[in-house]
Amino acid sequence: MTNSAARQGTAAPDWKVVPGKPAMAEVSGFDDIAEACAWLEAIAGNLKMALHEHGALFLRGLPISGVDEFAAVRDRLIPAATPYREKATPRSDFGQGVFSSTDLPAPQRIHMHNENSYTLAFPGLLVFACLTAPTTGGATPVADCRKVLRSIPAPLVRKMRSVGWQLTRNYSDHLSTDWKTAFSSEETAAVERYCTENLISFEWQQDGNLRTRQLRPGIMRHPDTGDEVWFSHLSFWNEWALDADLHEVLVDEFGRENLPFNTAFGDGEPLTQSELRTIQAAYDEATVRETWQPGDLLLVDNILTAHARDPFEGDRKIVVAMGDPVDLTACRPTVEAGPSSF
C-alpha cells in the first residue's frame, strides 16, 4: 500500500499470507492517529470480511505509540465494549479503558484459549497493540479454531460435541484470584446472584473461599459465517497443562479438588494426559505468530481464533481491548450451558 493510498483513506490493505504467520499488511503514510482512525473506519467492511476469512489480522505501520492512540483506534474498531467477567488473570489499568493483555510472569507460557469461553456472553473481537516490544519472545500466537477442530481425532470431537466441557475454579487469596476480584464485588449475595443468573454452581468453603463449577459447550458455530469451531478453555486450564513439578507440588499440598483451575468433559470424565497432548498438538498445528514491533496492531475474531502468549525477556507492554459481545445462544452450541454439580 502506497503512502498516497493511505492518505486517501479508502484503500483496503493488501493482506499477505506467509506460512507460519498471520495474515499481515504493512501500511504507512499517515500524518497522525486521526487520519489512521478515519482510514480504519473507511475499510471496516474489508476488515470484517478479512477477519471472517483469516480469523486474525496483523497491521504494521500505524502511528500507535501510547495509550491515547490505542484508545482512539479501539473506539473506531470496537464501538461496543465487552466487560471482563469472571476474572482469571491480573491486568494493569492504563486508563481510558485500556488494559494490559496480562501481567503473568514473563517466563510463563499462556496456552491457547478463546477469551471468556466459559461465560454466557463473550467478546467477538479482540484488539491488541504493541507499545513496548520485548527483547526476545513474547509473541501473541493465534490458532484458527476451524483448523483445530478438523485436526482433533474424531472420538474426542464426538465426546465434546455430545457432553461439552466442565470448568471448576477455586478462588483464594494465595493460590489464585480471590472471589472479590474475580466478581468485582464485596458481597457474597451479589456473587451468588451472578452465579445463579449465569448458570454456575457454587459452594462456600469453611475458610470463606469460593468454589464454582459450570458446564459449557466446546463446539459451536460462528454466528456470521456458520463455521464450526473448537471453543473452550478445556486444555488451557486442565491440571495436566501445568508444569509437571508445579502440578506435583500443588496436588500434594492442596489436593486435586483445590487446584485453582481444572477441567473435565461435561459428564465429569477427566481429560487424560494423552488426550491433552492430542488437543495441544492440534493447536500447535494451527498456530501462527509474528514478532511484535512497536505500533503493531493485531485483530482477533475471538470465535474463529484462539490466542496465547509466548514467554519473553525484557520489557513488554501489549495492550488489549475486547468488544462486539456475542451471546452463546447465537452460536448454535452443541450442548446447552448450565451449572454442574459438585
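Above: the structure in question.
Now for a description of the structure that goes with this document.

## A short note on helix 8 (residues 188-197)
Next up, step 1: Those residues of helix 8 not exposed but buried are V191, Y194 and C195. In an axial view of helix 8, the angular spread of the buried residues amounts to 95°, which keeps them on one side of the axis. Exposed side of helix 8, more than 90 degrees from the buried face: T196 and E197 are the residues found there.
Next up, step 2: Buried-residue contacts for helix 8 involve helix 7 (179-182), strand 10 (201-204) and strand 11 (210-216).
Next up, step 3: Two residues or fewer past helix 8, L199 is found with a positive phi of approximately 60°.

## Description of the packing of aromatic side chains
Next up, step 1: Within the structure shown, the criterion is met by nine aromatic pairs.
Next up, step 2: Plain terms: the ring middles of W179 and W204 are 5.1 Å apart, the flat faces sit at 80° to each other, and that makes the pair edge-to-face. With W179 in helix 7 and W204 in strand 10, the pair connects residues that are 25 residues apart, well separated along the chain.
Next up, step 3: Under the relative-accessibility criterion, W204 is labelled partly exposed at 29%.
Next up, step 4: Pairing F183 with Y194 gives two aromatic rings, centres 5.5 Å apart and planes at 65°, and the pair type is edge-to-face. In this pair, F183 sits in the loop between helix 7 and helix 8 while Y194 sits in helix 8, placing the two residues eleven residues apart along the sequence.
Next up, step 5: Through pairs of rings, three or more aromatic residues link up here, namely Y118, F236, W237 and F261.

## A few points about the environment of W292
Next up, step 1: Checked against the element boundaries, W292 lands in the loop between strand 15 (287-288) and strand 16 (297-301).
Next up, step 2: Classification of W292 as buried rests on a relative accessible area of 4%.
Next up, step 3: A polar contact is formed between the side chain of W292 and the side chain of T140, at a distance of 3.1 Å.

## So, unusual backbone geometry
Next up, step 1: The backbone of Q96 shows a phi angle near 60°, a positive value even though the residue is not glycine.
Next up, step 2: If you trace the backbone, Q96 turns up in the loop between strand 3 (93-95) and strand 4 (98-100).
Next up, step 3: Unlike most non-glycine residues, L199 shows phi in positive territory, near 60°.
Next up, step 4: Note that L199 resides in the loop between helix 8 and strand 10.

## Observations regarding the environment of G226
Next up, step 1: Its place among the elements puts G226 in the loop between strand 12 (219-221) and strand 13 (228-230).
Next up, step 2: Relative accessible area serves as the criterion here: at 18%, G226 is assigned to the buried category.
Next up, step 3: Between the C-alpha atom of G226 and that of R332, which follows or precedes it by 106 residues, the distance is 9.0 Å.
Next up, step 4: Each residue touching G226, except ones within four places of it in the same chain, is listed here: R221 and R332.

## Digging into the environment of R109
Next up, step 1: With respect to the helices, strands and loops of the structure, R109 is situated in the loop between strand 4 and strand 5 (110-113).
Next up, step 2: Sequence separation between R109 and R309 is 200 residues, and the spatial gap between their C-alpha atoms is 5.9 Å.
Next up, step 3: Setting aside anything within four residues of it in sequence, one finds R109 in contact with R309, D310 and P311.
Next up, step 4: Side-chain polar atoms of R109 contact the side chain of D310, separated by 3.3 Å.

Definitions and limits used
Residues numbered from 1 in each chain as written. Predicted model: local features only at pLDDT ≥ 70, side-chain atom pairs only at ≥ 80, totals over all residues. Heavy atoms only, no water. Buried < 20%, exposed > 50% of the residue type's maximum accessible area, 1.4 Å probe, protein only. Helix = DSSP H or I, 4+ residues; strand = E, 2+ residues; numbered from the N terminus. Arc of directions from axis to C-beta. Contact = heavy atoms within 4.5 Å. Phe/Tyr/Trp six-rings, centres within 6.5 Å; stacked < 30°, edge-to-face > 60°. Polar contact = N/O pair within 3.5 Å; in protein donor to acceptor, adjacent residues only side chain to side chain.

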